[in-house]
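Structural features, examined
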Amino acid sequence: MKKIRTILMMFFVLVFVANAFEVSVDNVFWNGGTGSWMTPENWTETEAPYWLVPGWVAGNPNNSGSWAYDGNRARAVIQSGTAQITAASTPDGQIFRTYIGGESGANLDILSTSGDNGVRTWQVHLGNIAGQSGTINQSGGNVNLRGAAYIGENGYGAYNLSGGSLTVGNRDVYLGRNSGATGELTISGGTFTQVTGNYAFYLGNYGTGIVNQTGGDAVFDLLRIGYRSTGDGGNIYTISGGTFQHNKYMGIYNDATFKVSGSGAESIRIMQLNTSGEGAGSKLAVELDALGSTLIEVYGSGDDPYTNGADLSYVTLLVDTLTGFNGALGDKYDILWSATNINTTGLSLVSLSDIAFAWDVIDYNDGKLLQLTVIPEPASMILLGVGCLILSSRRKK
């Protein structure tokens, strides 16, 4: 019986480790602490083949001379500390797989890169174990996540882009891959690009996905917000600065939210806006400052419903105000413009501040414009009605 228990325990341990990262002779482990990616002493391998440093090809003493740029098959495993990539310590080849996650956190800092291609990796797994977290901080250089990217796979994962360029999209990208996981992408500077193709950026995929854009330039090809979500309302894309461009139809599903906070973003352009319809709980949120909010431009045209129009059917429009908002009765704020049509069937408005608003769609600039108007709050309307009744009563006397 004791032997059976031991075997079962070993089995469950192996299952847990496999869930963390695939057990492989190609795993190369970061030794912890803060140091240069390209320093062999910062990595540990337990058995052959010996890759020395993940992604290191030219000049690698273990290179038989036959390695192409993707010839180093090492899998980087960072479970603690911070690995750093700079122009002086950029791997010249492709990093086959990267696993980042630890109970006390684990990090990869990309400060700058060298060469035309910068950093290339096939797969990235951040927070790959439940209860652990992994983070990539990119402040410069060029990074290309060429394969699938799991930001918050089973635990917590974060990618913070403040400078340089980040390119994804040759495979699917997941923020919050599995149930219980959370993935966050923060764009405060630099350039984010999802290349054109047949792959999606899943913001919330069984887990929770969060994007917070305060600056920089973001270009998406196929963003799906809350597409496979359980509908807990945690999946949200918030933009308050920078530029946002979406080249296909963008979907807001399953209690997910797309939020425009203030007027600080330079532009928000979406070819077509799509929602899940009745009962899905899709939300469009705006926070108004003194100038209102940055206009959402839905620019698509043509006969294909997936290339034009804004489908806001059964969407909840959440409206809040920021410090500095000074709207008066009758003031109007432009929220969303569509080159073709805006479907508002079942649209409902919820004001999150003590200021009341009404919505309307008008013809504008050869298209349709969704506007908000400041109206008297219900209590004021009641007082106004009571006052009118009193005046009427006095006149009759």
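It should be noted that the structure appears before, not after, this text.
Let us look at the structure shown here. Since the structure is predicted, the reported quantities are computational estimates derived from the model, not experimental observations.

1. Some remarks on the overall build of the protein chain
Helix and strand counts for the protein chain stand at 2 helices and 33 strands. For the protein chain, with 397 residues in total, the buried portion stands at 49%. The contacts of the protein chain with a sequence gap of at least 6 include a subset with a gap of at least 24, amounting to 72%. In the structure as shown, the protein chain presents an accessible area of about 17400 Å², 52% of it carried by carbon and sulfur atoms.

2. Describing the nonpolar core
Ranked by size, the top nonpolar core spans 75 residues in total, and within it W37, Y159, F192, Y237, F244, F258 and L336 carry the most contacts. Counting residues per element, this core draws most heavily on strand β24 (residues 265–275), at 4 residues. For Y159, the residues in contact, after removing those within four places along its chain, are I110, I136, Q138, V143, L145, I151, L166, E184, L185 and T186. Listed in part, the 8 residues of the second largest apolar core include Y150, Y174, A200 and Y202.

3. Observations concerning the side chain of T82
Along the chain, T82 falls in strand β5 (residues 82–85). At a separation of 3.5 Å, a polar atom in the side chain of T82 contacts the side chain of N107. Among residues more than four places away in sequence, those in contact with T82 are W30, G33, T34, G35, N107 and D109.

4. Observations regarding the sheet that holds strand β15 (residues 182–187)
Read from one edge of the open sheet, 12 strands run β2-β5-β7-β9-β12-β15-β18-β21-β23-β25-β28-β31, paired in parallel fashion. Each end of this open sheet is capped by a strand with a single partner; those strands are β2 (34–36) and β31 (348–351). Looking at each pair of strands side by side, their axes are set apart by 15 degrees on average, direction ignored. Note: β5 against strand β7 (residues 106–110), 4 bridges, orientation parallel. Across the sheet, I85 pairs through a bridge with I110, a residue of β7.

5. Side note on the packing of aromatic side chains
Under the defined criterion, the tally for this structure stands at 17 aromatic pairs. Ring centres of F201 and F220 lie 5.3 Å apart, and the angle between their planes is 85 degrees; this geometry places the pair in the edge-to-face category. Linking F201 in strand β17 (residues 201–203) with F220 in strand β19 (residues 217–220), this pair joins segments that are 19 residues apart in sequence. Grouped by ring-pair contacts, the aromatic residues F192, F201, F220, Y237, F244 and F258 constitute a single cluster. For R73, the ring lying beneath its charged end belongs to F96, and the centroid distance is 4.1 Å. Seen from the ring of Y174, R177 lies directly overhead, with NZ or CZ sitting 4.6 Å from the centre.

6. Regarding unusual backbone geometry
What is expected of a backbone is that most residues other than glycine have negative phi and most peptide bonds are trans. Geometrically, the link from A48 to P49 is a cis peptide bond, its omega value of 5 degrees lying close to zero. With respect to the element layout, P49 can be found in the loop between β3 (43–44) and β4 (75–78). Residue L52 is not a glycine yet carries a positive backbone phi of 70 degrees. Among the residues examined, L52 registers a relative accessible area of 23% and is labelled partly exposed. For Y206, which is not glycine, the phi dihedral falls at a positive 75 degrees. Its location among the elements puts Y206 in the loop between β17 and β18 (208–213). The exposure class of Y206 is partly exposed, given its relative accessible area of 42%.

7. Observations regarding empty space enclosed by the protein
Rolled over the atoms, a probe with the dimensions of a water molecule shows which regions are left empty. Per the stated rule, a full pass over the model turns up 3 cavities of 30 Å³ or more. Around the largest cavity, the lining residues are I95, T98, L108, I110, V119, T121, V124, I136, V143, L145 and Y159. Looking at the lining of the largest cavity, the elements that each hand over two or more residues are β6 (94–100), β7, β8 (119–126) and β10 (142–145). Of the residues forming the lining of the largest cavity, the biggest block, 3 residues, is contributed by β8.

8. Re the pattern of salt bridges
Here the structure, examined in full by the defined rule, presents 5 salt bridges. The salt bridge partner of K248 is D221, with a shortest N-O separation of 3.2 Å. Of the two residues, K248 sits in strand β22 (residues 242–252) while D221 sits in the loop between β19 and β20 (223–225), which places them 27 residues apart along the sequence. For the salt bridge of E287 with K259, the shortest nitrogen-to-oxygen distance reads 3.5 Å. Taken together, the residues E287 in strand β25 (residues 283–288) and K259 in strand β23 (residues 257–261) connect sequence positions 28 residues apart. The buried category is assigned to E287, whose relative accessible area is 15%.

9. Thoughts on the pairing of strand β29 (residues 332–338)
In terms of burial, β29 is a largely internal element, 5 of the 7 residues being buried. Bridging between strand β26 (residues 296–298) and β29 involves 3 bridges; their strand directions are parallel. Within the sheet, the bridge partner assigned to V298 lies in β29 and is S338. Bridge count for β29 against strand β33 (residues 367–375) is 6 bridges, and the pairing is antiparallel. Counterpart to W337 in the pairing with β33 is L369.

10. With respect to the side chain of K283
Of note, K283 is situated in strand β25. Judged by its relative accessible area of 19%, K283 is buried. Dropping the residues within four chain positions of it, K283 is found in contact with I252, D255, A256, T257, F258, V315, T316 and L318.

About the thresholds
Residues numbered from 1 in each chain as written. Predicted model: local features only at pLDDT ≥ 70, side-chain atom pairs only at ≥ 80, totals over all residues. Heavy atoms only, no water. Helix = DSSP H or I, 4+ residues; strand = E, 2+ residues; numbered from the N terminus. Buried < 20%, exposed > 50% of the residue type's maximum accessible area, 1.4 Å probe, protein only. Contact = heavy atoms within 4.5 Å. Areas by Shrake-Rupley, 256 points an atom, 1.4 Å probe, with all protein chains shown as cover. Core = buried A, V, L, I, M, F, W, Y, C linked by side-chain atoms within 4.5 Å. Polar contact = N/O pair within 3.5 Å; in protein donor to acceptor, adjacent residues only side chain to side chain. Pairing = 2+ DSSP bridges. Axes fitted to C-alpha atoms, helices over the stretch in contact; angles between N-to-C directions. Phe/Tyr/Trp six-rings, centres within 6.5 Å; stacked < 30°, edge-to-face > 60°. Lys NZ or Arg CZ within 6 Å of the ring centre and 35° of its normal. 1 Å grid on protein atoms, 1.4 Å probe; cavity = no way out; pocket = protein on both sides within 12 Å on 5 of 7 lines; lining within 4 Å. Points joined across faces, edges and corners; volume = space filled by probe spheres on them. Salt bridge = Lys/Arg side-chain N within 4 Å of Asp/Glu carboxyl O.

Any functional reading would require information beyond the geometric quantities listed.
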